[in-house]
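# An overview of the molecular structure
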Amino acid sequence: MDFELTEEQQALVSTARQFTKDRIIPIAAECDQHSKFPVDVFKQAWELGLVTPGIEEKYGGAGMGEIDNVLITEELAYGCTGIQTSITANTLAATPIMIAGNEDQKKKYLGMLAREPVFAAYAITEPGAGSDAAGIQCRARKVGDDWVLNGQKCFITNASIASWYVVFATTNPEGRHKNIMAFIVDRESPGLSIGKKEDKMGQRASDTATVILEDVKVPAANVLAGEGEGFKVAMQTFDRTRPDIGAGACGIMRRALEESIRYALERKTFGTAIANHQAVQFMIAEMAIKYEATRLMVHKAAWMIDKGSRNSIVASYSKAFGADAAMQVATDAVQVFGGNGFMKEYPVEKLMRDAKVLQIYEGTSQVQRMVIAKNLFAMFK
C-alpha cells in the first residue's frame, strides 16, 4: 500500500492546479451568471493534456490511468464544477468506445479527441428514463445494413457543442435492457438536431441541452454494441466514470473548506474570530473529514480500475458518499459565512448550487445505494 503520488502525478496536479487558478477561477462567476461555457479555456486545457487523458497512446492520447484522471478532475472542480463537467464529459463519451469499440471506431473517434480540441457527448437519459436507464424509449430500427434512430435525449452535457454522440436506443422498449443497443452518431447526421438549452440551478457554465433524433440513419460501422450489449456497456461505463463524480465532489469540498477556514480566521463576532467558536470549529472539522474520506474512496475506485478489477460497489461508494458529503459541506460553508454566504458576492453560494446535481446525475444517491445493496447481497448468495 502506498498513498504517495509519483513525481509525474505531482507534476500533473501542479499543472492542473495552476491552470485552474489562472484560467478557471477568475471567470467562474461570470460563466455561471451568463450560463456560458468558455470554449477557449477548454482548448487550453486540451493543449495541456488535461482533456481525455486516458486515451491510449496508439490512438494519439497520453495513456494515463484513472488515478491520473481523478487527480485532474478534482483540481478542475476546485475552480468550477460546471466548467469541469463539460471538460470531463469527453471522458464519459470516450469510455464506452474504450470498452466496446472495435479498432476502426477507436482509431476514428478516440483519435479525433486526441488530435483536436473537439467535444463529444454521452446520450442515455430521456424525459421518461433517468434513473430507470433500462426504460429508454428511443427506437432503433434496422433498414438494410443501416440503423434508423428516433427519439429524444435530455439533460445531455455538451449536446450543443459535441462533434459526435454515443447514443443508447432500443429495438423493443418492452424488452428493457435485453434490447438496448449503443451507436456512435455524428453531429452532422441528417435528422439530428439540438433542442432547448437547460436553464439550471447550478453548474450553469456546463452546456446542457436536448438531443432530438428524427429518422437519423446510422451506418452499421457505427454500431458500438448490439442488442443486449448496450445496457452492459452503459453500466460498465458508469463503473469507470462514477469515481470522476466523486473527484468533482472532492474539488467542491476542498474549495468550500479552504474558503471557510480563511473566512473564519478573518470574521469576528463577540470580540473574537469565529474560528475560535467551537460550533464553527466542529463544522470545519466535519468538512475536512468528509473530504478526506471521499478522496480515499475515489482513489481506491480509480486504483481498482487501473489494476483491472471490477469496481462497481466501490465506484458507487465514492459517488454516493462523495455527492452527499459535498452537498453537506457546501451547505455548512454557507452557514459558516452566515448572511454573506447567501450572497453571490461570496463563492460559497455557488458551491452549494453546483453540489446538488452530484446527487442526481450518473445515477442518483438512491440508485447508488441500490447498486451497493445488490452487490452486497450477491456476495452472500
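So, here is what we can say about the structure in this document. Predicted model only: the values in this text are computed from it and were never measured.

Looking now at helix H8 (residues 312–337). Between its first and last C-alpha, H8 extends 37 Å over 26 residues, near the 38 Å set by a 1.5 Å rise per residue. Taken across its 26 residues, H8 has 20 buried, putting it largely inside the fold. Backbone geometry just downstream of H8 places Gly338 in the positive-phi region, at approximately 65 degrees.

This part covers the nonpolar core. Ranked by size, the top nonpolar core spans 37 residues in total, and within it Ile252, Met253, Ala326, Val336 and Leu358 carry the most contacts. Broken down by secondary-structure element, the contributors of at least two residues to this core are helix H3 (66–79), helix H6 (230–266), helix H7 (278–306), H8 and helix H9 (348–356). The contacts of Leu358, once residues within four sequence positions are left out, are Gln203, Ile245, Ala249, Ile252, Lys319, Ala323 and Ala326. With 29 residues, the next largest nonpolar core counts Tyr59, Leu92, Ala93 and Tyr122 among its residues.

So, about the packing of helix H4 (residues 81–100) against helix H5 (residues 103–115). Interhelical geometry of H4 versus H5 gives an angle of 165 degrees and a closest axis separation of 10 Å. Comparing the axis directions of H4 and H5 gives the class roughly antiparallel. The hand of the H4/H5 crossing is left-handed. The segment H4 lies against H5, with Asn90, Ala94, Ile97 and Met98 engaging Gln105, Lys106, Tyr109, Leu110 and Leu113. Residues belonging to the contact of H4 with H5 are distributed by class as follows: six nonpolar, two polar and one charged.

Conventions and cut-offs
- Residues numbered from 1 in each chain as written.
- Predicted model: local features only at pLDDT ≥ 70, side-chain atom pairs only at ≥ 80, totals over all residues.
- Heavy atoms only, no water.
- Helix = DSSP H or I, 4+ residues; strand = E, 2+ residues; numbered from the N terminus.
- Expected span 1.5 Å × (residues − 1).
- Buried < 20%, exposed > 50% of the residue type's maximum accessible area, 1.4 Å probe, protein only.
- Core = buried A, V, L, I, M, F, W, Y, C linked by side-chain atoms within 4.5 Å.
- Contact = heavy atoms within 4.5 Å.
- Axes fitted to C-alpha atoms, helices over the stretch in contact; angles between N-to-C directions.
- Parallel < 35°, antiparallel > 145°, perpendicular 65-115°, else oblique.
- Left-handed = near helix turned anticlockwise from the far one by under 90°.
- Nonpolar A, V, L, I, M, F, W, Y, C, P; charged D, E, K, R; others polar.

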